[in-house]
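Secondary and tertiary structure notes
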Amino acid sequence: MVLLVIGGVMCLMMWGIEQVPMIWNTGVMVTEENRGRVYRILKNLLVTIRLVVAAIFAWMTVCSARSQPLGSWFMPLTMLLVFGPIVLCLVQPYRKR
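Scope of this entry: the structure provided in the associated data block. (Residues numbered from 1 in each chain as written. Predicted model: local features only at pLDDT ≥ 70, side-chain atom pairs only at ≥ 80, totals over all residues. Heavy atoms only, no water.)

1. Quick notes on the environment of Tyr39
Assignment of secondary structure puts Tyr39 in helix H2 (residues 35-66). In the structure, Tyr39 is positioned 15 residues away from Trp24 in sequence and 8.7 Å away in space, judged by C-alpha atoms. (Helix = DSSP H or I, 4+ residues; strand = E, 2+ residues; numbered from the N terminus.)

2. What about helix H1 (residues 2-18)?
Under the 1.5 Å per step criterion, the end-to-end length of H1 is 24 Å for 17 residues, consistent within 8% with the ideal 24 Å. Along H1, the residues that are buried comprise Gly7, Cys11, Met14 and Glu18. In an axial view of H1, the angular spread of the buried residues amounts to 65°, which keeps them on one side of the axis. Projecting away from the buried face of H1 at angles above 90 degrees are the exposed residues Val2, Val5, Leu12 and Met13. Here the buried face of H1 lies against H2. (Expected span 1.5 Å × (residues − 1). Buried < 20%, exposed > 50% of the residue type's maximum accessible area, 1.4 Å probe, protein only. Arc of directions from axis to C-beta. Contact = heavy atoms within 4.5 Å.)

3. Quick look at unusual backbone geometry
At Ser67, a residue that is not glycine, the phi angle is positive and equals roughly 55°. Here Ser67 lies in the loop between H2 and helix H3 (74-95). Taking relative accessible area as the criterion, Ser67 reaches 68% and is therefore assigned exposed.

4. Focus: a nonpolar patch on the surface
Taken together, the side chains of Trp59, Val62, Trp73, Leu77, Leu80 and Leu81 define a hydrophobic patch exposed on the protein surface, amounting to about 540 Å² of accessible area. Those elements giving two or more residues to the nonpolar patch turn out to be H2 and H3. It is H3 that contributes the most residues to the nonpolar patch, 3 residues altogether. On the basis of relative accessibility, which here comes to 57%, the residue Leu80 falls in the exposed class. (Patch = residues over 30% accessible without salt bridge, like charges linked within 9 Å, V, L, I, M, F, W, Y side chains within 5 Å. Areas by Shrake-Rupley, 256 points an atom, 1.4 Å probe, with all protein chains shown as cover. Salt bridge = Lys/Arg side-chain N within 4 Å of Asp/Glu carboxyl O.)

5. Quick look at H2
Here H2 contains 32 residues, and its C-alpha end-to-end distance of 46 Å stays within 8% of the 46 Å for a straight helix at 1.5 Å per residue. Just downstream of H2, Ser67 is the residue with a positive phi angle, here 55°.

6. Description of the packing of aromatic side chains
The tally for this structure, following the rule as stated, stands at 2 aromatic pairs. With a centroid separation of 5.8 Å and 50° between ring planes, the pair formed by Trp59 and Trp73 is classed as tilted. Pair noted here: Trp59 is in helix H2 and Trp73 is in the loop between H2 and H3, with a separation of 14 residues, a long-range link. What makes Trp59 partly exposed here is its relative accessible area of 34%. Taking 6.2 Å as the distance between ring centres and 70° as the angle between the ring planes, the aromatic pair formed by Trp73 and Phe74 counts as edge-to-face. Through a chain of ring-to-ring contacts, the aromatic side chains of Trp59, Trp73 and Phe74 assemble into a single cluster. (Phe/Tyr/Trp six-rings, centres within 6.5 Å; stacked < 30°, edge-to-face > 60°.)

In structure tokens, the structure reads:
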């Protein structure tokens, strides 16, 4: 039950942050010309990360309920799914400066 609560709270917090783009630390200067593109890229990042977090916590809950180990593939796949979109979305605003 703890995993479900933690996963749900994290997803709700990310949803809340997604609704207020003015507080995001973009890493680039947000101007009137690039505001839409930068916010769209970062919103897509937040949605992707929220989906990944929900999937990770769902899988951990299922494995915990079945008393099964997560598997040796879980950590590398989790790292790839979390940091892959972050790297891709952070490179995009710098490419089209």
